[in-house]
Structure formats: C-alpha cells, structure tokens
Amino acid sequence: HEPLVKMGVDAFWPDEGDWFNLYERIKRHQLYYQGHLSTNPTLRPWSLQRNGYPGIAQWGGWVWSGDTESSWKTLEAQIAVGINYSLSIAPFWGSDIGGFYPATDYSGEMYARWHQFAAFNASFRSHGRTWWLHLPWGWGLSSMGPKENRNNPPESVLNDQTIEPVIKQYNELRYQLMPYTYTVAWQARTNGLPMMRALWLHYPKDIIAAGIRDEFLWGKDILVAPVYENKATTRAVYLPEGTWYDWWTNEKLIGGKKIIKNIDLSVMPLYIKAGAIIPMDTIKQYADEPTTAPLRIKVYTGADGDFELYEDDGISQDYLKGVAQKTSFKWNNSNGILTIEPVSKTTAKNQARTMIIEWVIEKKTKKIIFNGSKMQVKP
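Here the structure is a predicted model, which is why all the values come from computation and not from measurement.

Definitions and limits used
- Residues numbered from 1 in each chain as written.
- Predicted model: local features only at pLDDT ≥ 70, side-chain atom pairs only at ≥ 80, totals over all residues.
- Heavy atoms only, no water.
- 1 Å grid on protein atoms, 1.4 Å probe; cavity = no way out; pocket = protein on both sides within 12 Å on 5 of 7 lines; lining within 4 Å.
- Points joined across faces, edges and corners; volume = space filled by probe spheres on them.
- Helix = DSSP H or I, 4+ residues; strand = E, 2+ residues; numbered from the N terminus.
- Nonpolar A, V, L, I, M, F, W, Y, C, P; charged D, E, K, R; others polar.
- Buried < 20%, exposed > 50% of the residue type's maximum accessible area, 1.4 Å probe, protein only.
- Contact = heavy atoms within 4.5 Å.
- Phe/Tyr/Trp six-rings, centres within 6.5 Å; stacked < 30°, edge-to-face > 60°.
- Patch = residues over 30% accessible without salt bridge, like charges linked within 9 Å, V, L, I, M, F, W, Y side chains within 5 Å.
- Areas by Shrake-Rupley, 256 points an atom, 1.4 Å probe, with all protein chains shown as cover.
- Salt bridge = Lys/Arg side-chain N within 4 Å of Asp/Glu carboxyl O.
- Core = buried A, V, L, I, M, F, W, Y, C linked by side-chain atoms within 4.5 Å.

A.B. asks: An account of the layout of surface pockets is requested, with residue identities and associated values reported.
C.D. replies: For the second largest pocket, the calculated volume is near 180 Å³. In terms of lining, the second largest pocket is formed by Q169, L173, Q176, W247, W248, M280, D281, T282, A293, P294, R296 and K298. Among the elements of the structure, α5 (163–176) and β13 (295–299) are those that each provide at least two residues to the lining of the second largest pocket. Per-element accounting of the lining of the second largest pocket gives the leading share, three residues, to α5. Taken together, the residues that form the lining of the second largest pocket break down as six nonpolar, three polar and three charged.

Written out as structure tokens, the structure is:
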C-alpha cells in the first residue's frame, strides 16, 4: 500500500474478510492503522472494514454492518445492531444507507428514512447495488441506471421529487451538528462512551429504557427515534424522565412515558433534553470548508446543563500531544447565566471568535465575542 499512500490516498476501505478468525480481524485493523502511520506518520489513519471484534477500537475500528437487504425490517434491525455494536465493540459504526441488496419494496421513502437514521451514525455513507438509487438525488431521476440486481423496484416509483429535499435537509443538519458530533467522537475516544448510546447508559434506573431497542441517544442530550415503517404518519417514542423539547417544534414534554409524534416524510422525531447546550455550525458542503460564520450555541433552558466543546485540526496526530481547544459552557438555570471559559491543560491558543448564543425556548439571541477569557452571558 505504500505507493498508494505516497500518491495521496489517505484512507482505505478493505472489504470482506468474513472468514478471518477473531485474532485476524483485530490484526487487520491494526495493520491499516500502524501501516499507514509507518508511511505517513503525521496524518491520522482511517479505514472502514466490515468485520471486527472487541479490541479493534484501539486501532480506530470503523466498521459497517455489511451487505444488508433493502427492506423495512432490515432498517428496523439496524437500529438495534448499531446500539449493540456501539456498546460491545467500538463507537464508530454505520450501515449502507438504503441497504445493499435491492428488494422489490425498496422505495424513495425507505431511502429517505434510512438516510435520516444514518445522519446520526458515526459513519454516514450511502452505498448499495443499483447505485443510482443510492445517490442523494437518485429518486428524482427518470431512470435507475445500471441494474445490478434482479429485485429492483419498478420504474414507476422513480422521478419522485419529494425525496431529494428531505435528503438535503438531513445532510445539512449533519454538517450543522458537526461541532457537537465531533465532540461526541472525542468523548468516545477519551471516555469509551459510544456515540450511539442506549437509553439506559444515562438512565440506568429506568426499567423501560433498558428494553428500548429502536431509539437511542446521540451523545447525552439528543434523543433519536428513527422511523422504520412504510407510510408511517405517527411514531411512538419513549422519553426518559425529565423535561424534553421537540427539535422541530420546541414543544415542551415531560418524560417518563411514551408519547405519539405525528410525522410526515420530512420528520424523524428528535428530542432535546432540558439543560442541553448544542453547538451548531453553518451549513457546509464538506466538513472542513472554510467559513467566517459565527458558531451558534443553542441553550435549552429548564434545567442546569453543561457541554465541553472539543476542537482540533481534524487531520494531524497532534491531538495525541494534547494540541486541542476545549471550551466549557455551563448553564445555571436558577440565575439564568451561561458561563463560557477555556478548559485548562490545552496547548492550542484560544483566539477571539464570534458566537451567537440562542436561548431556544425563549426565542432570544445575543452575539458575543469570546476572547478565551471566562465570561458570563444572560439572555
């Protein structure tokens, strides 16, 4: 692989390996991590593989769930698979959006629902046979392109103009949430916490939460309830104890019970815990696209909360030396004060930056300049 690395290839996607024994599965992850570093020691290695075993996390350990079928039952099962994998093997998981093998019930609606779910997976990747139907705009075309499978959907379901806007909506949300998601990935590395978290990780005394297999927490403050039923108009969602807010409407809800959310194709239920602090970027076309837009800090009042934003250069090995910027946000609900301050023991220089603080429920915003010194902000 050395000539490829020297040409500029910075990631590998080794397929198959289902016949490897457990020792060999770990060793292949180690190979693609240490091998790449041996040729290019300054850049982070990355590989995506379809086999793993407990222990691969020390070598990056990105895995996708293999050649799944394009069916609603498969989509439902992938939620539980992702939760279980994240708990037992490594935090970095994903599936082929839309499923790999087409089935006759594959549709634009199924692709959109799978896409929504995958926007809250570590690996956000659309792939499968009859590959035109795995393009973000594929269901708005008049042809499905080269047919790579026998069980293709009928041509009559193509040219569905309702799908692409939904895909675009969740693509953009993925990029907007990147500061939050990148921090959650850092938490996975430093604390061993999965990115997709079973509800009981944060609600260990909740017996009902312990049995939930079709929803999960993204980090600790965003509850995700993927839709996996054909032509669904409602989704039953269990909210653990506490106060929650509907991401789409800001409706306040009291947890500890199941609620019924009315939905259309554009809505996958998302709920934010009171006290949550969610950093959001502007819409981007790729993760490290330069921008001068201010960072938006969304504060969900109703309880105390905190968030430690983690940032580094995203590509080098310097983070292993502690070269990173960490910023603490703490919300005191009783006195209505948001405290922002740099976290100690960081070697990255805090530079002045513009932020927009948004108190979501109160519909108030305030633009601030954070220069790296402790400051307190009120609505």
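A.B. asks: Explain helix α4 (residues 108–118) to me, and be specific about the residues and the numbers.
C.D. replies: Summarising burial for α4: 11 of the 11 residues are buried, a large majority. Every buried residue belonging to α4 is among G108, E109, M110, Y111, A112, R113, W114, H115, Q116, F117 and A118, and all of these are buried. The elements touched by buried residues of α4 are α3 (72–88), β3 (93–94), α5, β4 (196–197) and β5 (216–218).

A.B. asks: Can you explain empty space enclosed by the protein? Please cite residues and give values.
C.D. replies: A probe matching the size of a water molecule, rolled over the atoms, marks out where space remains unfilled. In this structure the tally under the stated criterion is one cavity of 30 Å³ or more. In this structure, the largest cavity spans a volume of roughly 40 Å³. Across the lining of the largest cavity, the residue classes break down as five nonpolar, one polar and one charged.

A.B. asks: With reference to specific residues and values, describe the packing of aromatic side chains.
C.D. replies: Applying the stated rule across the entire model yields 18 aromatic pairs. Ring centres of F12 and Y32 lie 5.7 Å apart, and the angle between their planes is 50°; on these two criteria the pair is classed as tilted. On the criterion of sequence distance, the pair formed by F12 in the loop between α1 (2–7) and α2 (22–39) and Y32 in helix α2 is long-range, its members being 20 residues apart. Residue class for F12 comes out buried when judged on its relative accessible area of 12%. According to the relative accessible area criterion, Y32 is buried, its value standing at 14%.

A.B. asks: Before we move on, could you go through a nonpolar patch on the surface and cite the residues and values that matter?
C.D. replies: Together, L4, M7 and V9 make up a nonpolar patch on the protein surface, roughly 270 Å² of accessible area in all. By secondary structure assignment, the location of V9 is in the loop between α1 and α2.

A.B. asks: Could you give an account of unusual backbone geometry, with specific residues and numbers?
C.D. replies: Backbone geometry at N159 places phi at a positive 55°, although glycine is not the residue there. Look at N159 and you get partly exposed, because its relative accessible area is 43%. The residue K363 is not glycine, and still its phi comes out positive at about 60°. Note on placement: K363 falls in the loop between β17 (353–359) and β18 (364–370).

A.B. asks: Any chance you could break down the nonpolar core for me, citing the residues and the numbers?
C.D. replies: Counting 80 residues, the largest nonpolar core has F120, F216, W218, I222, I278 and I357 as the members making the most contacts within it. When residues in this core are grouped by element, the largest group, six residues, is from α4. Ignoring anything within four residues of it in the chain, the contact list for I357 reads I297, V299, L338, I340, K364, T365, K366 and I368. Among the nonpolar cores identified, the runner-up in size contains 14 residues, and A209, L217, V237 and Y271 belong to it.

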